[in-house]
Amino acid sequence: MPELPEVEVTRRSFSDAIAGAAVQGAVLGKPLRWPLGCTPGQLAGRRVLGVRRRGKYLLLDLDEGLLLLHLGMSGSLRFARGLPPPGPHDHFDLLTDRGVLRLHDPRRFGAVVWAPHEQDERARKLLSGLGVEPLDEAAFGFDAFLAGLRASRTPIKQLLLGGRLVVGVGNIYASEVLHLAGIHPATPAQRIGPIRARRLHAAIRQVLARAVERGGSTLRDFSNAEGAAGHFQLEASVYGREGQPCHGCGTPIRLLRQGQRSSYFCPRCQRA
C-alpha cells in the first residue's frame, strides 16, 4: 500500500509540471471507492494552481474547487503527454493542456473526489481525523507527541499505524522507526518514557525523510508519476528480513503478527 513517502514522492514528481495547466476535461473508468462528486464536464476550463499532500491524500487545488486523490492499496499516478488509451485498470484521466494525469488502480480502492473547498463536508470527512504531519517540523512538536503516547495503552506499532497521533507511519516504516528507536513493537505507548519518546520522535522524521529521498518503497508495483520505482526497501534494517542477522548486533530478526500486520524487530536491540 502506498504510504506517506510514496505519496510525497508522487506529488514531487509531477507538481511542478502540472501547476498552471488548463483542464480540458476528464474521463472516468470503472467506479472507484467514492463518486467523483461532479460531472467530468464541470472540470473543463478549470486551472490547476498546485498540488499539496495531507497524509496519504493528494490535493489538486483548482481555481474553482479541489480534487482529493487517494492511491488506495495498489494505485499509482502517471502524468505525461501521449499516454496510450486507458486500459482496464485506468479509472480516471484528468486531461490538461500539459498532459494527462492518470490514476491506475488494479484493485479499485483508490479515489478521486471533487469538493468546492477544503471545509466542505466531503473534504472534511476524509481529512479531519488525520494526525499531524511528521515532515512538518513546526507541526510535529515533541510535547504533544509525548502527551499522545502517555494517553494511550495501545501497542506502539498499532498506535503509529492508526494515523491519529501522527500520519504516514505505515507498516514498513513503523518497523524501521521502532528498530531505530530501540523499542519493541508490542510496547504499550504509555510505557515509553521521555528519553525513548525523544528517540522515537526523531526516528519518525529520519526514516520518513530518508524514504522520500530514496523514492519510497516498491515492493510490488509502486512507481511515481514519471514511472520510476522506489529504492528504500533495499536498505531496510528489519522489514522483510525475518531470520536474517540484525545489522546492529547480529541477532536474527523476528516476525510478530499484530492486528493481521507483520511486525519485524530485533529481540536484542528492541526492548519492551
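In this text, all values refer to a predicted model and were calculated from it rather than measured experimentally.

(A) Layout of the overall build of the protein. When its secondary structure is counted, the protein shows seven helices and 10 strands. Against the compact-globule benchmark of 19 Å for 272 residues, the protein has a radius of gyration of 20 Å, which places it among compact chains. Taken over 272 residues, the protein has a buried fraction of 51%. For the protein, the share of sequence-separated contacts (at least 6 apart) that also reach a separation of at least 24 residues comes to 65%. In the form shown here, the protein has an accessible surface area of approximately 12600 Å², with 49% of it arising from carbon and sulfur atoms.

(B) Summary view of the pattern of salt bridges. For the coordinates displayed, the defined rule picks out 16 salt bridges. Glutamate 8 serves as the salt-bridge partner of arginine 11, at 2.9 Å between the closest nitrogen and oxygen. Highlighted residues: arginine 11 and glutamate 8, both in helix H1 (residues 4-18), separated by three residues, approximately one helical turn. Summarising the burial analysis for this pair, arginine 11 and glutamate 8 share the class buried. Note that arginine 210 is salt-bridged to glutamate 213, the shortest N-O span being 2.6 Å. Here glutamate 213 and arginine 210 lie together in helix H7 (residues 194-213), a separation of three residues that amounts to about one turn. Judged by relative accessible area, which is 30%, arginine 210 ranks as partly exposed. Here the salt bridges do not stand alone but share partners, grouping Glu8, Arg11, Arg12, Arg53, Arg54 and Glu133 into one network.

(C) Spatial organisation of the environment of alanine 147. Position of alanine 147 relative to the elements: it lies in helix H4 (residues 142-150). Judged by relative accessible area, alanine 147 falls into the partly exposed class, the value being 45%. Along the backbone, alanine 147 and glutamine 190 are 43 residues apart, and their C-alpha atoms lie at a distance of 8.9 Å.

(D) Inspection of H4 at higher detail. For H4, the full list of buried residues reads Phe142, Phe145, Leu146 and Leu149. Looking straight down H4, one finds that the buried residues subtend no more than 95° of arc, so they occupy a single side. Looking at H4, the residues exposed on the side facing more than 90 degrees away from the buried face are Asp143 and Ala144. Here the buried face of H4 lies against helix H5 (156-162) and H7.

(E) Examining the packing of helix H6 (residues 171-181) against H7 more closely. Where H6 meets H7, the axes come as close as 8 Å, and the angle between the chain directions of the two elements is 130°. For the element pair H6 / H7, the angle class is oblique. The way H6 lies across H7 gives a crossing that is right-handed. Facing H6, whose interface residues are Tyr173, Glu176, Val177, Leu178, Leu180 and Ala181, H7 presents Arg199, Leu200, Ala203, Ile204, Gln206, Val207, Leu208 and Ala211. Among the residues making up the contact of H6 with H7, the classes are represented as 11 nonpolar, one polar and two charged.

(F) Main features of the packing of aromatic side chains. This model, assessed by the stated rule, comprises four aromatic pairs. Both rings, one in phenylalanine 140 and one in phenylalanine 145, keep their centres 5.5 Å apart while their planes meet at 75°; by these two values the pair is edge-to-face. With a relative accessible area of 3%, phenylalanine 140 lands in the buried category. We classify phenylalanine 145 as buried; its relative accessible area is 2%. Note on tyrosine 239 and tyrosine 264: the rings are 5.1 Å apart at their centroids and 70° apart in plane angle, and the pair reads as edge-to-face. Here tyrosine 264 lies in strand S10 (residues 261-265) and tyrosine 239 lies in the loop between H7 and strand S9 (254-258), a separation of 25 residues in the sequence. The class of tyrosine 239 is partly exposed, set by a relative accessible area of 21%. The buried category is assigned to tyrosine 264, whose relative accessible area is 12%. Cation over ring: arginine 198 sits above phenylalanine 142, and NZ or CZ is 3.7 Å from the ring centre.

(G) Summary view of the sheet that holds strand S6 (residues 90-96). Taken together, the four strands give an open sheet; going across it, the order is S1-S6-S7-S5, and neighbouring strands pair in antiparallel fashion. Of all strands in the sheet, those bounded by a partner on one side alone are strand S1 (23-28) and strand S5 (76-80). Averaged over all neighbouring strand pairs, the angle between strand axes comes to 15°, with direction disregarded. Relative to S6, S1 runs antiparallel, the two being bridged by five bridges.

(H) Geometry of the sheet that holds strand S4 (residues 66-70). The strand order across the open sheet built from four strands is S2-S3-S4-S8, with neighbouring strands paired in antiparallel fashion. Each edge of the open sheet is held by one strand with a lone partner, namely strand S2 (48-54) and strand S8 (111-115). The sheet shows a mean angle of 20° between the axes of neighbouring strands, direction not considered. Direction of pairing for strand S3 (residues 57-62) relative to S4: antiparallel, over a ladder of five bridges. In the sheet register, leucine 59 faces S4, and the bridge partner there is leucine 68. Relative to the sheet, H1 contacts S2 and S3, its axis offset from that of S2 by approximately 170°.

What counts and what doesn't
Residues numbered from 1 in each chain as written. Predicted model: local features only at pLDDT ≥ 70, side-chain atom pairs only at ≥ 80, totals over all residues. Heavy atoms only, no water. Helix = DSSP H or I, 4+ residues; strand = E, 2+ residues; numbered from the N terminus. Rg over C-alpha atoms; globule rule 2.2 N^0.38 Å. Buried < 20%, exposed > 50% of the residue type's maximum accessible area, 1.4 Å probe, protein only. Contact = heavy atoms within 4.5 Å. Areas by Shrake-Rupley, 256 points an atom, 1.4 Å probe, with all protein chains shown as cover. Salt bridge = Lys/Arg side-chain N within 4 Å of Asp/Glu carboxyl O. Arc of directions from axis to C-beta. Axes fitted to C-alpha atoms, helices over the stretch in contact; angles between N-to-C directions. Parallel < 35°, antiparallel > 145°, perpendicular 65-115°, else oblique. Left-handed = near helix turned anticlockwise from the far one by under 90°. Nonpolar A, V, L, I, M, F, W, Y, C, P; charged D, E, K, R; others polar. Phe/Tyr/Trp six-rings, centres within 6.5 Å; stacked < 30°, edge-to-face > 60°. Lys NZ or Arg CZ within 6 Å of the ring centre and 35° of its normal. Pairing = 2+ DSSP bridges.

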